[in-house]
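What the coordinates show
Residues per chain, in single letters:
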Amino acid sequence: MSFLIKSADIYKKTQLSKINEKILATPIGGNIGSLPTLFTKGGKFNREANSYIFYKKVIRQAVDLQPCSQALQDYYQFLEDNNLHWNKFPPIKRLKPTYLFRSHLLKKIKKGTLAHSTASIRMNQIVNYYKWLLHDGFLAVNNEKEAPFKMEFVSIKTIGILAHISPKFIIESSDLRIKVPRDSETKTVRSLTPLSQAELDILTDFLPEASQELKLQILISIDTGLRIQEVATISLNAIKSARPLAESEYRSEFSVAPQLNGVQTKYGNKRTIEISKKLLDILNEYCISERRLKRVNKLDKKLNDFFNSKLELNEKTAISFKRCLDHEPLFVSEQGNPVSPKSIEARWSELRAKIKIIHPSFTHRFHDFRSTYGTYRLSDLLSVGLHTTECLELLMGWMGHKNESTTMKYIRFLKRREAFKVKFGILDSIMHHALGGEDE
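Keep in mind the model is a prediction, meaning the values are calculated, not measured.

Moving on, we come to the overall build of the chain. Looking only at helices and strands, one finds 17 helices and ten strands in the chain. The buried share among the 440 residues of the chain stands at 43%. Taking as baseline every contact in the chain between residues at least 6 positions apart, the subset at least 24 positions apart corresponds to 61%. Of the roughly 24,600 Å² that the chain leaves accessible, carbon and sulfur atoms contribute 52%.

For the structure on display, the rule yields 19 aromatic pairs. On the basis of an interplanar angle of 70° and a centroid distance of 5.9 Å, the ring pair of Phe39 and Phe45 is categorised as edge-to-face. Both rings, one in Tyr52 and one in Tyr55, keep their centres 6.1 Å apart while their planes meet at 25°; by these two values the pair is stacked. With Tyr52 and Tyr55 both in helix α1 (residues 47–58) and three residues apart, the pair spans about one turn of that helix. The class for Tyr52 is buried, based on a relative accessible area of 3%. Clustering of aromatic rings is evident, with ring pairs tying together Tyr52, Tyr55, Tyr75, Tyr76, Phe78, Phe89, Phe101, Tyr129, Tyr130, Trp132 and Phe138.

All right, on to the environment of Asp205 then. If you trace the backbone, Asp205 turns up in helix α5 (residues 197–206). Looking at Asp205, the relative accessible area reads 58%, which means it is exposed. Through-space distance from the C-alpha of Asp205 to that of Ile355 is 9.4 Å; in sequence the pair is 150 residues apart.

Counting residues in each nonpolar core, the largest one holds 42 residues, and the members touching the most others are Leu203, Ile218, Ile234, Leu330, Phe331 and Trp348. Residue contributions to this core peak at six residues, all from helix α6 (residues 212–224). Within the second largest apolar cluster, 35 residues are counted, among which are Leu35, Leu38, Phe101 and Tyr130.

Between helix α2 (residues 66–81) and helix α3 (residues 97–111), the shortest axis-to-axis distance is 11 Å and the interhelical angle comes to 105°. Classified by the angle between their axes, α2 and α3 sit roughly perpendicular to one another. Together, Asp74, Tyr75, Phe78 and Leu79 of α2 and Pro97, Thr98, Leu100, Phe101 and His104 of α3 make up the contact between the two elements. Residues that form the contact of α2 with α3 fall into these classes: six nonpolar, two polar and one charged.

Reading the values: the criteria
Residues numbered from 1 in each chain as written. Predicted model: local features only at pLDDT ≥ 70, side-chain atom pairs only at ≥ 80, totals over all residues. Heavy atoms only, no water. Helix = DSSP H or I, 4+ residues; strand = E, 2+ residues; numbered from the N terminus. Buried < 20%, exposed > 50% of the residue type's maximum accessible area, 1.4 Å probe, protein only. Contact = heavy atoms within 4.5 Å. Areas by Shrake-Rupley, 256 points an atom, 1.4 Å probe, with all protein chains shown as cover. Phe/Tyr/Trp six-rings, centres within 6.5 Å; stacked < 30°, edge-to-face > 60°. Core = buried A, V, L, I, M, F, W, Y, C linked by side-chain atoms within 4.5 Å. Axes fitted to C-alpha atoms, helices over the stretch in contact; angles between N-to-C directions. Parallel < 35°, antiparallel > 145°, perpendicular 65-115°, else oblique. Nonpolar A, V, L, I, M, F, W, Y, C, P; charged D, E, K, R; others polar.

Take a look at the structure:
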């Protein structure tokens, strides 16, 4: 049976010593934290799979290893159940272990025990695993018939306003890919649900009932487009690195990335975001406020207890505490813990419940603040006469979209709603009133 075990901390730098005829390795630096470790039949350490996991963590600096390790566990369990070998590929395609695994995933989709998206991710992980095995010499292929799969170049039709410029684009894929419907139920692109001007007014009316931290978290998401995970992990280092934009007297910018300042961006990618100077000033004041410093003192005590083994935490919480050593979080709970996305979502749900008593149709998720930023910001860029391509490039950079198709949803939304009349400046007005500004 294949199974995963979380290792203790792994170190890139060790010092070897010999004691009583035994070679011991003493860690001296380069702690990369815990790693999922795969064991196969009979508790055997899987050298190839675990070398790949190590490569993903150290070389590729993967933030989340769960999709990779889970795919490898499922694949090796499938090989074990069917008496197959990871490195033996008969010349007949349908008998190769990789193609048999794909059929296995498709059967699970048909039975309803596995989602299309999950199956696609697991298959892609196995394809990438074999690419690495081939590249690093763990697997040798002498001819095409011995290959684990066939590489393909797929032509994708461009949909949207730029289709006339580039009707198609080419991507590298394999014949093992599993297609995912745009939406598992509706088969269409999920619609955006930004707050309308009226809903922003409603939110502004209720913000005084929120805690100071939740108010700032909401405004950060609306004003910058940060995801909830990014808002939760925003650090003092990130805020202090903000610099004025030469093109605007009202906005500043700063970069975010896990390695740079601890902000847990999607895929661990670095990107530069914009923020209003008014909100930035408020955040700088909050950084040194008595309310926040009391919480930070509690966090410091917990960090001291944690590293002296007086405080036991689950793995996820332990990782967030370790991150606090290098990057002090902006938001700390009243109990002295680094704020998590779940706690932000819980506080937002409480405030939303109050709003729904008077406005039952107000059902927005916290994530809708991000699409609110994207919609109004794009509208503002278009209204000043920038070319559509330039607008898309700017918004893709600020929001951290991986694909143009994601950003294109905002163009289609604006066209459907005829929302080009709405200025991003409305959010500056919302910010002014929400932060207690007086009418000018």
